[in-house]
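# Fold and contact review
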Amino acid sequence: MDGTLTETHVENLLSALGREDCYDYAFADVHEAQVAAMNERLLGRLGRIKVVGFRAKEAGITEIRSLADAVPLLLPHTAYKSYPESFLFAGKWDKLTKWLGTVSAYPTDGVDLTGVTDIDGWVEACGKAGLFVSCSSGTTGKSAMLVASQADFDHICRDSVAAVQWGSSIRAGDMRTPAGPASAVAYTPRNVANGQAMMKAFVDPEAPRFQSGIPPVTIGSLTKMVLLRKAIAEGTARPDEVAAYEEEARTRQEALDRAQEGAVDDIIAKRDKRLYITGMWGALYPFAVKVRERGYSGKDFHPENAIYLGGGLKRAQLPPDYREFVFETFNLQPDYIYQMYGMQELNTGFARCKEGGRYHVPPWVVILPLDKAGDALLDGAGRGQVEGRAAFFDLSLDGRWGGVISGDHVHVDYEPCACGARSPSIRDDIYRYSDIEGDDKIGCAGTVDAYVRGMS
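For the structure given in this document, a descriptive report is provided here. Because the structure is predicted, anything quoted here is derived from the model rather than measured.

## So, the side chain of Ser 160
Of note, Ser 160 is situated in helix H8 (residues 150-167). Ser 160 sits in the buried class, given a relative accessible area of 10%. Every residue in contact with Ser 160, bar those within four places of it in the chain, is listed here: Asn 194 and Met 198.

If you want it as structure tokens, here you go:
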């Protein structure tokens, strides 16, 4: 699935992917091209994505001539959670498909719903029609449903591998041995595609892989858990549903505990190999603690071990030195530590450099620092340092709209970094507004969410 219009500026900016100088540009170098590229995306999607047409009409915008023009067209991240939950409870798959059509760049009327009885079946039916739906973890109580095309997956896979090689000394063809903590990871089309690309690039296909035995967390089981958790909180869940939920939670936790012991055995057995470790901080820290309890530490592991770190703490409560503890446990040296910042709503992840403590933004992603309400571009955007709500326009997105307002507070720096890269960057002191201030209110969210619900 590709755009039907010639998008010269979009293509030129995307051509930087994988180049050594990908992040060696100043904001002034690409400002005009980024504005023109966003306008190309608007013209190509205006009649195809219903919610974008609604936002453009409401704001009276027919073209993007400045960064400020793009702001009213950004979608709050909650837009992808705006489906009525009754569609899931009652199995109204036709209505859920119609809802998806409000945020998709491609029509959903080709989805064959014959035989669909649950959310996993619906996701599979959408995939057969070329509409790949992945769900967020739903840590805030409701999962976002994000539609993507094959072109999106192709970009994600290329970008992830290239970013790792820019932000670290990990290289494609390293033929490493995989290891890491056991965890219950959401089994989504996006996660599968990206995971396979990373394994193909950095891992020896003949190297043994630890099999946790934990059943995959499918979109269906994830959604069921989120809905039941909400029903329990509201007091509307039946006793048998609560009992089943508690039993499933207990069984999964026991399976995870057993798998974690096996994962510890696995990494200790592989301690002389060049490892490729993956995980999130919330799982990595207790994993490292268990390895230390067995009597092993950095002195026992290979000096060229590599680690891929994605995501923040996800509300995990860890000691202040959790990073150093994990790095020291597995003998991880700075050159082989890759950290990234990103979000499910975007195609692109931002690589953390090794010297400046910043996440660098590639030229095909326009960073739009907003005020707290998400209504206006900050006055200092484009120069010096500014702080506010992070919003982005990812020009690589094909299956849905590239403009999104996040729930993150960030410091954006437009000055050259100590690492030498001149690109705009984000300091590594990111936090979610909701974590610090409770409920997070984005100015346009109510209007957009109401419109999307109304169309379904």
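Now that the structure is up, let's keep going.
## Here we look at the state of the cysteines
In the structure shown here, the tally under the stated rule is zero disulfides. Sulfur of Cys 126: no disulfide; nearest cysteine sulfur belongs to Cys 135 and is 10 Å away. A disulfide-free cysteine, Cys 157 has its sulfur positioned 17 Å from the sulfur of Cys 22, the nearest such atom. For Cys 157, a relative accessible area of 18% translates into the label buried.

## Quick look at the environment of Lys 92
Inspection of the secondary structure puts Lys 92 in the loop between helix H5 (86-89) and helix H6 (93-103). In this structure, the C-alpha to C-alpha distance between Lys 92 and Thr 117, residues 25 residues apart in sequence, is 9.5 Å. The contact partners of Lys 92, leaving out residues within four places of it in the chain, are Ser 86 and Phe 87.

## Quick word on the pattern of salt bridges
Under the criterion given, the structure shown has 22 salt bridges. One salt bridge in this structure joins Arg 422 and Asp 24, with 2.9 Å as the shortest N-O distance. Separated by 398 residues along the polypeptide, Arg 422 in the loop between strand E14 (403-413) and strand E15 (425-427) and Asp 24 in the loop between helix H1 (8-14) and helix H2 (27-45) bring together distant segments of the chain. Two residues, Glu 261 and Lys 290, come together in a salt bridge whose shortest N-O distance is 3.1 Å. One end of the pair, Glu 261, is in helix H11 (residues 239-269); the other, Lys 290, is in helix H12 (residues 281-293), and 29 residues separate them in sequence.

## Structural notes on the environment of Cys 353
Its place among the elements puts Cys 353 in the loop between strand E10 (350-352) and strand E11 (358-360). On the basis of relative accessible area, Cys 353 is assigned to the buried category, the value being 3%. The spatial distance from the C-alpha of Cys 353 to the C-alpha of Phe 87 is 43 Å, given a sequence separation of 266 residues. Leave out the neighbours within four places in its chain, and Cys 353 touches Trp 166, Arg 358, His 360, Cys 417 and Cys 419.

## A few points about the packing of H6 against helix H7 (residues 119-128)
Geometrically, a packed helix pair is captured by the angle between its two axes and the distance between the axes. Where H6 meets H7, the axes come as close as 11 Å, and the angle between the chain directions of the two elements is 50°. The orientation of H6 relative to H7 falls into the category oblique. For the crossing formed where H6 meets H7, the hand is right-handed. Taken together, the residues of H7 that come into contact with H6 (itself represented by Trp 93, Leu 96, Thr 97 and Leu 100) are Ile 119, Trp 122 and Cys 126. Along the lines of polarity and charge, the residues of the contact of H6 with H7 split into six nonpolar, one polar and no charged.

## A look at the pairing of strand E13 (residues 385-394)
For E13, the tally of buried residues reaches eight of ten residues, placing the bulk of the element in the interior. Alignment of strand E12 (residues 365-367) against E13, held across three bridges, turns out to be antiparallel. Bridging across to E13, Ile 367 finds its partner in Phe 392. Bridging between E13 and E14 involves eight bridges; their strand directions are antiparallel. Note on E14: the bridge partner recorded for Val 386 is Val 412.

Calculation rules
- Residues numbered from 1 in each chain as written.
- Predicted model: local features only at pLDDT ≥ 70, side-chain atom pairs only at ≥ 80, totals over all residues.
- Heavy atoms only, no water.
- Helix = DSSP H or I, 4+ residues; strand = E, 2+ residues; numbered from the N terminus.
- Buried < 20%, exposed > 50% of the residue type's maximum accessible area, 1.4 Å probe, protein only.
- Contact = heavy atoms within 4.5 Å.
- Disulfide = S-S within 2.5 Å.
- Salt bridge = Lys/Arg side-chain N within 4 Å of Asp/Glu carboxyl O.
- Axes fitted to C-alpha atoms, helices over the stretch in contact; angles between N-to-C directions.
- Parallel < 35°, antiparallel > 145°, perpendicular 65-115°, else oblique.
- Left-handed = near helix turned anticlockwise from the far one by under 90°.
- Nonpolar A, V, L, I, M, F, W, Y, C, P; charged D, E, K, R; others polar.
- Pairing = 2+ DSSP bridges.

Shape descriptors only; they carry no functional weight alone.
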